[in-house]
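Residue strings, one per chain:
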Number of protein chains: 2
Amino acid sequence: MSNIRKTLSTVSDGADLAELKTNMNVDYVIHYNIPSNKAKPEAEAGFVQLIEVLTKVGLASEVRYGDESSLLVFVKVASNEYLASQIYRERLQDWLFSVRASAPDKDIAKSFENEPVTEAERLRLVYLLITKPKNEGGAGIAPKKGRWKYVTSIFPLHDNAFNSSWIKAWSTKYFLDEEDLDHIRDKFGESVAFYFAFMQSYFAFQLFPAAFGFAAWLILGRYSWLYSIVTSLWSVVFFEWWKKKEVDLAVQWGVRNVSRIEHPRTQFQWDYEVPDPVTGEPVKYYPPMKRLRTQLLQIPFAISCVLALGALYIFCFGIEVFLTEVYDGPFKSYLTFTPTIILSSILPILSTILTKFAKTLTEHENYQTNDAHQASLITKIFIINFITSYTPLFLSAFVYMPFGNLMLPYLHIIASTARKLSTEKSITALDFQINPDRLKSQMVYFAVTAQVVNVAVEVVIPYLKRVVVDKFQEKRASLDPKTIPDAPAEHEFLQRVREEARLDVYDVAVDYREMVVQFGYLSLFSSIWPLTPLSFLINNWIELRSDAMKIAMSSQRPIPWRSDSIGPWLNALGFLSWMGCLVSSALVFLFGGNSEGPGGDPSNVNVIGLLLTILFAEYLHLGTQFIVRYALGQIDSPGLQKERATRYRIRKRLLEETLGPDAMKETVPPTPETGERIVLVALKNEERKLSTGIIGTPEQM
Amino acid sequence: MSNIRKTLSTVSDGADLAELKTNMNVDYVIHYNIPSNKAKPEAEAGFVQLIEVLTKVGLASEVRYGDESSLLVFVKVASNEYLASQIYRERLQDWLFSVRASAPDKDIAKSFENEPVTEAERLRLVYLLITKPKNEGGAGIAPKKGRWKYVTSIFPLHDNAFNSSWIKAWSTKYFLDEEDLDHIRDKFGESVAFYFAFMQSYFAFQLFPAAFGFAAWLILGRYSWLYSIVTSLWSVVFFEWWKKKEVDLAVQWGVRNVSRIEHPRTQFQWDYEVPDPVTGEPVKYYPPMKRLRTQLLQIPFAISCVLALGALYIFCFGIEVFLTEVYDGPFKSYLTFTPTIILSSILPILSTILTKFAKTLTEHENYQTNDAHQASLITKIFIINFITSYTPLFLSAFVYMPFGNLMLPYLHIIASTARKLSTEKSITALDFQINPDRLKSQMVYFAVTAQVVNVAVEVVIPYLKRVVVDKFQEKRASLDPKTIPDAPAEHEFLQRVREEARLDVYDVAVDYREMVVQFGYLSLFSSIWPLTPLSFLINNWIELRSDAMKIAMSSQRPIPWRSDSIGPWLNALGFLSWMGCLVSSALVFLFGGNSEGPGGDPSNVNVIGLLLTILFAEYLHLGTQFIVRYALGQIDSPGLQKERATRYRIRKRLLEETLGPDAMKETVPPTPETGERIVLVALKNEERKLSTGIIGTPEQM
């Protein structure tokens, strides 16, 4: 154990990092809520427990006031020894799962000397110490869950010096380079770095369809075969290329295979324990059939999503068509906004309800690991977003345009009913006409308006909110007579921490979702308006910076998680790329040539042609995918080179240690003992048997 | 280097293995051809070189007469030291590529003591010594290639005792167990063992469609929707299950990731050498664009395959239809065999030519590694086989049945022309009728007759050939006055070796091909005749044993190659499983309900329904695949358990070595130093600051 003592100095070096200095050497802040109602005693008892469990895992804590009903617990590693042993365990684990090529040195002190603990590693391990289940050696604190329901959040403090230089640097350059990503990785972990790497690659790849789309818009017009095929091929190339790039980045960042290490979920409920068939240790068991039963609820969930959102859309759609194209009564110019108002007020509510329901459902599915939980949740969120995002366009393209005229009789009924109810004769049934520009104007909305609104909602509003709330809280605190003033030396620091405690937790999944949905618009519908990719390109340049600002200014600093890929979003991208081939080919078939499309009459549609087009598009997609995958497989990459280099180095060292300094040159074999005696005799009939035969005589055998 | 001396005893223990004793301690036999024509001096010079290069890599050799124009070179390891260093290098390589979990011991002697050299390992390494390029430390002998064109074959000798007990054991049991596969693996390497494991799994899985197909044949009849869907689902389940099983077997056999180790091809031609960006060593370089240009030749190759075979089929098909259903002249009963005779005589020739061409093309693609070469060759062979095997059924189902009546006018022309040319009036144009049983009788042919013929061709004929040729050669040798008689002690042994030298090289790809083609019949066409799976089940029971016999009796002993999967055939299976969904759904749609199908009139076909069916079948396939993959991913398996156990063992050992004997129990954290001092003061307003703050004062910072 004396080795560990030696390592203390190395691990606690982390505390000398510049960043921690400005943060008063605090590793984490736990924001603890103390309600002023009847629950106060329970919350206070929980707080005592909190301090106790933190102490048990070697974390020192100190308490300050948050706002009037909460406390801030500052946590710092007290037992560097225990942290060191946890880090060592993790490194060993990494090696066993092939994340690292070589085992950590058996001498712990030397191991930490060779590979000093990085800031991200320290923060991650401390977070795990706080949150891991007790039987895994952690304190088992799960924010907002069960007995820890008063723990509002656990967060590290922002490094403001880094943040401001980061935002400054990014807002003055067009492209990010590897160094930029490395900085993100060092500060916020590979999980966030992968998001920015993806964004950057996606942005760079978009240059091509943006230019091509612009040219197509000038020359080819809408619904061009060429544009549609080129975009589909592009989406396949981008998807396959990213799959390779992702692996490459993981190798370069030393996190390859990290996803194979499963982190147990603290909230996992087990039915009973069974001994592991391998190690004999007790393992928590939850019957998979029971989980399957819960998972099957996904099917009614998906159906009800479709029904709820579909009904809403059809309702608004009906009103819209009626108001814009049939109704001609009073207030027409105001009434036409009705559907937009209904949609934009109900949709976010419905979407939030569904997302919440998805979270509850995933919670009930009771996964054993965080990864499985996350993957299942993301799948559900993707389904919700797929439906909310693309239904309007699907309805317009495949219902309104081909079947629009079939609505005519119903519109007449509504119109005459309205006429009867109304005393004025102002509701005149106009001659209903399919609006051929409907699809395009929708697409423009999604490609431009919605993206601008989104940036505003994501960055401007949280920033304003922060400023206003901070001012308000400061005022309130200074007016409240019960508040005990901060020590002057701490005041500024504590104010900053209070501000950060009020911020949202950054969820990278929200940003991925947005980009994946955008990729879907591009892949599925951009043939409607070939300027779409150009608009997205511009948006993404801003998005990349606004996401950085979101992390730096209006979110708590993220926990530096590791990851070796963009995770379940990869499947979503693949699905959209495939779906894009089908949908865009169908769109071009329906509306290409004559820009009016089927003009509301389904008998105008050549169904056989449509189906053949879809089939053909799909096989083209599969074929392209096969070829692109093969071609990319042939290309060398920095990650692969790094892997080869590591292998070569270890091989060389080991061979030289065992076989001598010339072991890497394989061309000098030793002279065998019997070799020279062999002469070509058998052929020349001089002798039949060689002097000393290998083929033994019976006696020799 | 003294360590290596110690290992000599361990490695040369291999020579004491029972098997090698009966084979006079010979590791390999090289069969060298000495033509009696003008090339004789060249061949003799080559022979001298052969002995020299063998000697250089530490192999002793001894020469005996083969037949009248060939020599047998018996090769045995002379420098155990060099072999040991090669084995050690390979084990190290395995570890670097994650094939092994732990590095070989740094003390070579100890390493060989812990893991003795197995028979398969020794044979594989000796073969590599003989065939590896010189700069990789081998002798660089490539049979039948370039300067080694007189080397006919290089083969190890059969272990007759094992072979006879093997054949005896397998012919008396219904199912093979893991032990049986382990025996195969020990003798013939994982490559052959994987084939038998696949066969065994395929056979076991076939029990279900055989039973279901039998029931469907009794109750549902042909072209049943239910049967078709069940078979499609079955093929998806089997394919996904095998993918998992394959990985599992590789883990259990300790060959996981072996495919990542690339074996350089001896025949690789490089244009120039460039320094490796990683190691700085010179690397042979062949421009990928140059290879791509050759690879593009695959497209005209595939097209000419389709054209050549398609034309042949259509020609025979036309004759057949004419003769059986229109012609009524003399010799009708004999003439109806004409197409069969043409097909069965031309098809093997054409197939051989195409295969040979595929080999040449692959050779010209000049791959750097054996795996890439093999994969490319197998893809081409699969394409040829796909076309030769399924074209007759495709033509009958999708050309003859729907469009048959359109042939009528042409048949009349032929008939009347024939009538004019013939003096007799015996060619009467019968009323042409689509034969609704044509598809079924073809299917019965492929499912029963062809399989029986195949077993005969594969086993009986080579066996008879072997017996006859051996007798003939013996006779001839005894009559030839120039032959020098063998030493009496060696005669029997040499006769056996001469027999084995005349045998074919066993190519596992041939056997895979047969099974994959069979899987295709099952998956694509078995709804035509639901007894197909039952017939295949019976055939495969025999096939499994006859393949064993083929290896034991009529092939040279295979080189014990390693592999971690069935390789490129996996893709072929996946493709056929996918294609099966499309084709069988189309068949059922066309011919289900009324057994006559479209009855020769294309206007009877509901094209929209057909296309929708195909689309639906495809999405059903993709959906099922997704679900089955997910479900199988949840299941534990012996291979995964073994991986976990290895990891747990190493982790335990290392943690105990470094952190003390209790390191695996993570529940005992140390008591921190500052923990106890923390009390819940801030809440109670008694004190605002804790005794020793973590939050440093400005001075402390």
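Computed from a predicted structure; not experimentally measured.

(A) Quick look at the UniProt feature "domain: Anoctamin alpha-beta plait" (unreviewed entry) in chain A. Following the UniProt record, one finds the feature "domain: Anoctamin alpha-beta plait" (unreviewed entry) at residues 25-151 of chain A. Taken end to end, residues 25-151 of chain A comprises 43% helix and 17% strand; its first and last C-alpha atoms sit 22 Å apart.

(B) How the structure looks around the packing of aromatic side chains. All names here are of chain A. With the rule as written, the count across this model stands at 98 aromatic pairs over all chains. Here the aromatic rings of Tyr-174 and Trp-541 are separated by 6.3 Å at their centres, their planes lie at 55°, and the arrangement is tilted. With a gap of 367 residues between them, Tyr-174 in the loop between helix 7 (160-170) and helix 8 (178-219) and Trp-541 in helix 19 (residues 532-554) connect regions that are remote in the sequence. Assessed through its relative accessible area of 24%, Trp-541 is described here as partly exposed. Taking NZ or CZ as reference, Arg-438 lies 5.1 Å from the ring centre of Tyr-400, over its face.

(C) Seen up close, the sheet that holds strand 2 (residues 59-65) of chain B. Residue and element names in this part refer to chain B. One open sheet holds the four strands; their spatial order is 2-3-1-4, and the pairing between them is antiparallel. The open sheet is flanked by strand 2 and strand 4 (151-155), the only strands paired with a single partner. Neighbour-to-neighbour, the strand axes of the sheet open up by a mean angle of 20°, direction not taken into account. Two elements, strand 2 and strand 3 (residues 70-77), share seven bridges in a ladder whose sense is antiparallel.

(D) Just the packing of helix 18 (residues 508-525) of chain B against helix 20 (residues 569-591) of chain B, in detail. Residues and elements named next belong to chain B. Orientation of helix 18 relative to helix 20, taken along the N-to-C sense of each, is 20°, at an axis distance of 7 Å. It follows from the interaxial angle that helix 18 and helix 20 lie roughly parallel. Along this stretch, helix 18 crosses helix 20, giving a crossing that reads as right-handed. Of helix 20, the residues touching helix 18 (which contributes Ala-509, Tyr-512, Arg-513, Val-516, Phe-519, Gly-520, Ser-523, Leu-524 and Phe-525) are Trp-569, Ala-572, Leu-573, Leu-576, Ser-577, Met-579, Gly-580, Val-583, Ser-584 and Leu-587. For the contact of helix 18 with helix 20, the residue count by class is 13 nonpolar, five polar and one charged.

(E) Spotlight on the pairing of strand 4 (residues 151-155) of chain A. Residues and elements named next belong to chain A. With four of five residues buried, strand 4 lies mostly within the body of the structure. Pairing of strand 1 (residues 28-33) with strand 4, which is carried by four bridges, proceeds in the antiparallel orientation. Paired with Ile-30 across the two strands is Ile-154, which belongs to strand 4.

(F) Examining the pattern of salt bridges more closely. Tallied over the entire structure, the rule returns 56 salt bridges over all chains. Among the ionic pairs, Glu-121 of chain A bridges to Arg-91 of chain A, the shortest N-O distance being 3.0 Å. In this pair, Glu-121 of chain A is assigned in helix 6 (residues 119-131) and Arg-91 of chain A in helix 4 (residues 80-96), connecting sequence segments 30 residues apart. Overall, the relative accessible area of 12% leaves Glu-121 of chain A in the buried class. In this structure, Arg-466 of chain B engages Glu-499 of chain B in a salt bridge whose closest nitrogen and oxygen atoms are separated by 3.0 Å. With Arg-466 of chain B in helix 16 (residues 438-479) and Glu-499 of chain B in helix 17 (residues 488-502), the pair connects residues that are 33 residues apart, well separated along the chain. Each member of the pair, Arg-466 of chain B as well as Glu-499 of chain B, is classed as buried. Connected via shared salt-bridge partners are Glu-90, Asp-94, Arg-124 and Arg-562 of chain A.

(G) Spotlight on the domain arrangement of chain A. Residues and elements named next belong to chain A. Structurally, chain A comprises domain 1 (24-157) and domain 2 (168-476 + 505-595 + 602-644). Using C-alpha coordinates to define each centre, domain 1 is positioned 35 Å away from domain 2. Counting the surface lost from both domain 1 and domain 2, the interface buries some 2200 Å², and carbon and sulfur atoms represent 56% of this. When the buried surface of domain 1 facing domain 2 is broken down by residue, Phe-97, Val-99 and Arg-124 rank first, second and third, together holding 24% of it. Between the two partners, domain 1 and domain 2, sit four salt bridges. Viewed at the interface, domain 2 and domain 1 are joined by six residue pairs in polar contact (both at pLDDT 80 or more). Of all the secondary-structure elements, those providing two or more residues to the side of domain 1 that touches domain 2 are helix 4, helix 6 and strand 4. Take the side of domain 1 that touches domain 2: its biggest share by element is seven residues, from helix 6. Its residues placed into classes, the side of domain 1 that touches domain 2 shows 13 nonpolar, six polar and eight charged.

(H) Main features of a nonpolar patch on the surface. A contiguous nonpolar surface patch, about 700 Å² in accessible area, is contributed by Val-453, Val-457, Val-460, Ile-461, Tyr-463, Leu-464, Val-467 and Val-468 of chain A. Checked against the element boundaries, Leu-464 of chain A lands in helix 16 (residues 438-479).

(I) Structural view of the UniProt feature "transmembrane region" (unreviewed entry) in chain A. All names here are of chain A. Sites flagged by UniProt as "transmembrane region" (unreviewed entry) map to residues 192-219, 225-242, 299-322, 334-357, 377-401, 443-464, 569-591 and 603-622. For residues 192-219, helix accounts for 100% and strand for 0%, while the C-alpha atoms at its two ends are 40 Å apart. As annotated, residues 603-622 has a helix share of 80% and a strand share of 0%, and its two end C-alpha atoms lie 31 Å apart.

Procedures and definitions
Residues numbered from 1 in each chain as written. Chains lettered and ligands numbered in written order. Predicted model: local features only at pLDDT ≥ 70, side-chain atom pairs only at ≥ 80, totals over all residues. Heavy atoms only, no water. UniProt positions renumbered as here; feature names shortened; annotations may be inferred. Helix = DSSP H or I, 4+ residues; strand = E, 2+ residues; numbered from the N terminus. Phe/Tyr/Trp six-rings, centres within 6.5 Å; stacked < 30°, edge-to-face > 60°. Buried < 20%, exposed > 50% of the residue type's maximum accessible area, 1.4 Å probe, protein only. Lys NZ or Arg CZ within 6 Å of the ring centre and 35° of its normal. Pairing = 2+ DSSP bridges. Axes fitted to C-alpha atoms, helices over the stretch in contact; angles between N-to-C directions. Parallel < 35°, antiparallel > 145°, perpendicular 65-115°, else oblique. Left-handed = near helix turned anticlockwise from the far one by under 90°. Contact = heavy atoms within 4.5 Å. Nonpolar A, V, L, I, M, F, W, Y, C, P; charged D, E, K, R; others polar. Salt bridge = Lys/Arg side-chain N within 4 Å of Asp/Glu carboxyl O. Domains from an automatic or database assignment. Buried area = accessible area lost by both parts, 1.4 Å probe. Polar contact = N/O pair within 3.5 Å; in protein donor to acceptor, adjacent residues only side chain to side chain. Patch = residues over 30% accessible without salt bridge, like charges linked within 9 Å, V, L, I, M, F, W, Y side chains within 5 Å. Areas by Shrake-Rupley, 256 points an atom, 1.4 Å probe, with all protein chains shown as cover.

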